[in-house]
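Observations on the three-dimensional arrangement
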Amino acid sequence: MSGTSAALEPPVGATKPVRHPDAPAPGELLGPHYGECFGCGGDQPHGLHLAARAGEGVSITAEFTVRPEHQGAPGLAHGGVLATALDETLGSLNWLLRTIAVTGRLETDFVRPVPVGTTLQLAAEVTAVAGRKIYSRATGRIGGPDGPVVVRAEALFIEVEVDHFIDHGRKEEIQAAMNDPDQIRRVRAFEVNP
Ligand SMILES: CCCCC/C=C\C/C=C\C/C=C\C/C=C\CCCC(=O)SCCNC(=O)CCNC(=O)[C@H](O)C(C)(C)COP(=O)(O)OP(=O)(O)OC[C@H]1O[C@@H](n2cnc3c(N)ncnc32)[C@H](O)[C@@H]1OP(=O)(O)O
């Protein structure tokens, strides 16, 4: 069984997403948006280390290999970890729109159990945009990009200003992020080239 709540139905007047002209080329790896991110950061030892790649249009593919530290039941991935992998992949789509956005709603179907050691092949796309609201969906497959779907999600991301992070994040991490030249470049890119 699966279903989508009314909040995830794009309203009348929603438009198709537009890929930003400076979005990374199809096939290009995006790299982590923040080193400490639990989803994609390389400095996060127990994180998912999810690697996302730009696709055609406003789409992303990503891979994540389930490790022993990601277990829920013995030998199986924790559902919350799988939801994180979907959330991270969906969040990466915003880089192709050159929009800063946070997850407002994430609905996940867990279709089959996912064993430790499995590489999840994720694919996500933005389906519609309405003002600050970005509607998207994702699937996760095992056994290759054409393997069976084991998880899927639909989501609503809400566009925010960079102040969202500065106002709400803990001071230490915000300061460290501001001191990271690469991070500043990214934030600037968002602000100069929205
Ligand atoms: C200097 C350092 C800066 C460093 C920054 C570095 C990098 C930043 C760049 C990128 C990072 C981003 C993504 C990375 C990739 C993946 C990571 C995964 C993404 C996440 O994991 S991110 C964490 C989880 N996420 C949150 O932590 C959000 C907490 N939350 C809030 O912060 C507020 O809740 C917010 C902002 C969402 C809205 O608040 P708000 O006041 O701005 O706007 P408002 O409430 O008016 O909503 C506007 C319209 O959205 C509708 N709406 C809102 N929420 C809805 C919901 N849940 N369901 C259905 N509709 C909803 C309303 O109904 C209204 O609709 P309408 O306009 O039609 O009335």
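Residues numbered from 1 in each chain as written. Predicted model: local features only at pLDDT ≥ 70, side-chain atom pairs only at ≥ 80, totals over all residues.

**Overview of the overall build of the protein chain**
When helices and strands are counted, the protein chain shows four helices and six strands. What you see in the protein chain, going N to C, is helices and strands ordered as β-β-α-β-β-β-β-α-α-α. Relative to the compact-globule value of 16 Å for 194 residues, the protein chain shows a C-alpha radius of gyration of 16 Å, a close match. By principal-axis analysis of the C-alpha atoms, the protein chain measures approximately 45 × 40 × 30 Å. Expressed as a percentage of the 194 residues in the protein chain, the buried residues total 28%. Considering only intrachain contacts with a sequence separation of at least 6, the fraction spanning at least 24 residues in the protein chain is 65%. (Helix = DSSP H or I, 4+ residues; strand = E, 2+ residues; numbered from the N terminus. Rg over C-alpha atoms; globule rule 2.2 N^0.38 Å. Buried ≥ 20, exposed ≤ 12 C-beta atoms within 10 Å, placed from the backbone. Contact = placed C-beta atoms within 7 Å.)

**Section: the site of the ligand**
Of all residues adjacent to the ligand, which total 26 residues, the nearest are Ala7, Gly91, Val102, Gly104 and Arg105. Mapped onto the shell around the ligand, the elements with two or more residues apiece are α1 (79-97), β3 (101-110), β6 (149-159), α2 (163-168), α3 (171-179) and α4 (181-192). Within the shell around the ligand, the residues separate by chemical class into 14 nonpolar, seven polar and five charged. (Near = placed C-beta within 6 Å. Nonpolar A, V, L, I, M, F, W, Y, C, P; charged D, E, K, R; others polar.)

**Some points on α1**
Taking 1.5 Å per residue, 19 residues should reach 27 Å; α1 reaches 28 Å between its end C-alpha atoms and fits that length. Buried residues dominate α1, accounting for 15 of its 19 residues. At the C-terminal side of α1, arginine 98 shows a positive phi close to 55°. (Expected span 1.5 Å × (residues − 1).)

**Remarks on the nonpolar core**
In this structure, Ala85, Leu86, Leu93 and Leu122 are the most contacted members of the largest nonpolar core, which totals 38 residues. Elements with a minimum of two residues in this core: β1 (51-54), β2 (59-65), α1, β4 (119-130), β5 (133-141) and β6. Those residues within four positions of leucine 93 in sequence are excluded, and the remaining contacts are Val58, Ile60, Ala124, Val126 and Ser136. (Core = buried A, V, L, I, M, F, W, Y, C linked by C-beta atoms within 7 Å.)

**Comments concerning the confidence of the model for the protein chain**
Should the pLDDT be low somewhere, the predicted coordinates at that spot are not to be read in detail. Residues with a pLDDT of 70 or more make up 94% of the protein chain, whose mean pLDDT is 93. Listed scores for the predicted complex are pTM 0.95 and ipTM 0.95. (pLDDT = per-residue confidence, 0-100.)

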